[in-house]
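The lines below spell out each chain.
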Amino acid sequence: MKSKKMVLLMVVFLFALASGLAGCGSNNTKESSDGNTPSGTQSASPTESGDQAGDKLDPVKLKVYLIGGPQRDLPMVQEEMNKYLTDKINATVDITMIDWGDYSKRLPVITASGENYDIAFTSSWAFDYLPNATRGAFLPINDLLEKYGQDIIKELDPRFLTGSQVNGKNYAVPVNKELASQWVWRFNKQYVDKYKMDITKIRNLEDLEPYLKQIKEGEPADITPLAVPKGFKPYMPFDFLLGDEFPVGMNMNSTDGKYVNILESDELKSSLKTIRKYYQAGYLRKDVATLEGIDNIKTGKWFADREQTQPYAELGWSRSAGYDIVTSPMQDPVIFTGSATGSMHAISANSKNPERAMMFLNLLNSDKYLRNLINYGIEGTHYKKISEDVIEDLPAMKDGYQMPGFALGNLFLTYSHKEDPADKWEAFKEFNNSAKVAPSFGFNFNPDPVKTEVASISAIVKEFYPPIMTGAVDPDEHLPKAIAKMKDAGLDKVIAEAQKQYDEWKAAHK
């Protein structure tokens, strides 16, 4: 039966080519089944010939798992999506939202059960992409991309596909969004203005000192000069192996391609002395080592903190806070391997409809109407248009449909809000193009050979990092203890395994 479906799909594909309907980038619009013409709909791929190709395919229902809180109006929006998808590719979707904290717990159970779902959100931080791809949970999609995902290939920055390969194969479609990563210092602008500070001179941790001193001496005690929680870590110029919660990485200026123990680096030791001095001077909260979160943005009682940025992030932060926030970069934008796997959609290895799943993902990454429908809901119900690509939220969106836009598909297709800069998406592209590429970009470490050691070291990190990294304890006394304990747990073995895998990968990619 499966072979018959493949033959049928190839016939459809050839028919579309012969009919001149397979060209990429067509701006044809297709009248939806409710009689309304979706504005901005782009038709481009062998599967998008609507009533010609869609009607010739057997109808299927795609089971889709997405990350995010439950949305009251999802059934209503899904119904509109299914009208459109039936017309386009003769498919419907059954979307299940799983909350942020539960997603990485439930999806492995669902996958292990053998459920034949079709598509799931995956990333470097939720339902972990690399180990699940390595263990066979996801389908290799290279052939599917070539046949049914040509618009994805056309639209997506190619570095996303390069950076998300595992042993030369792609196992998920990355979301087209910001690719670069950049840490910045954020500042409460009222204090910048009050003390006439030139924040352009602030880049590293040491540069902050005179400004923190001004705030500490000139403001009430409830104003926190450096407002950070226990998860704070000084910025380190390293390409981390398993994120900055794990002490192994390659120096960004490395020419020898060697992984090292970051806890033994001169850069970290210097920064720990500085943050210890700041803690003792009262620039951080005394309870910082146990502080799960900090409500500085809400209260406004802060001078500086740190965050990862993207173009025009200051506008969003200021809008959310209700007062002006300005920034100064800690480092230039960098593209890491993890940047390419920050938001993705995988096709399950158990899917019975992988071809149609790729057709759906192709639309989700190239069709403006569908992409905005799943993101913002129904025009006139959840939002109203101010102009062709600019919208204003209606109360129903806040009350019943707030989807995580970064986790849904090509972000560059989404409408802007009226307060967004007109060049917002062009700025994102420029941000990506300006970034430096990390030395190990494209290398995905498989932790399975040292998974016991990684787990043990991660537990030790949780014990030692908060007090050491926030300056709450003397690093000269506690850092050696942490290093010794991690080495006893197999840190050197992890570094050796990482180096072995990296060297093999590098040799294969000369």
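Let us look at the structure shown here. (Residues numbered from 1 in each chain as written. Predicted model: local features only at pLDDT ≥ 70, side-chain atom pairs only at ≥ 80, totals over all residues. Heavy atoms only, no water.)

### Quick word on the nonpolar core
Among the nonpolar cores identified, the biggest contains 61 residues, and Phe187, Leu208, Leu226, Tyr259, Leu284, Phe303 and Met486 are the most heavily contacted of them. Among the elements that make up this core, the one with the highest residue count is helix 19 (residues 451–469) (eight residues). Apart from the residues lying within four places of it in its own chain, the contact partners of leucine 226 are Trp185, Leu208, Leu212, Ile275, Tyr283, Leu284, Ala304 and Asp305. In terms of nonpolar packing, the next biggest core, distinct from the first, is built from 48 residues, Met81, Tyr84, Ile347 and Phe360 among them. (Core = buried A, V, L, I, M, F, W, Y, C linked by side-chain atoms within 4.5 Å. Buried < 20%, exposed > 50% of the residue type's maximum accessible area, 1.4 Å probe, protein only. Helix = DSSP H or I, 4+ residues; strand = E, 2+ residues; numbered from the N terminus. Contact = heavy atoms within 4.5 Å.)

### Quick word on the sheet that holds strand 1 (residues 60–67)
A sheet is described by the order of its strands in space; here five strands give the open sequence 2-1-3-15-6, paired in mixed fashion. Across the chains shown, the open sheet's two edge strands, defined by having one partner strand only, are strand 2 (91–98) and strand 6 (173–174). Note: strand 6 against strand 15 (residues 344–347), two bridges, orientation antiparallel. The partner of valine 173 across the bridge, within strand 15, is histidine 345. Relative to the sheet, helix 15 (residues 354–364) contacts strand 1, strand 2, strand 3 (119–122), strand 6 and strand 15, its axis offset from that of strand 15 by approximately 160 degrees. (Pairing = 2+ DSSP bridges. Axes fitted to C-alpha atoms, helices over the stretch in contact; angles between N-to-C directions.)

### Quick notes on the pairing of strand 17 (residues 390–393)
When strand 16 (residues 383–387) meets strand 17, the two strands line up antiparallel, connected through four bridges. Paired with tyrosine 383 across the strands is aspartate 393, a residue of strand 17. Linkage of strand 16 to strand 17, two consecutive antiparallel strands, is achieved through a turn of two residues. Where strand 17 meets strand 18 (residues 416–417), two bridges bridge the pair, whose relative direction is parallel.

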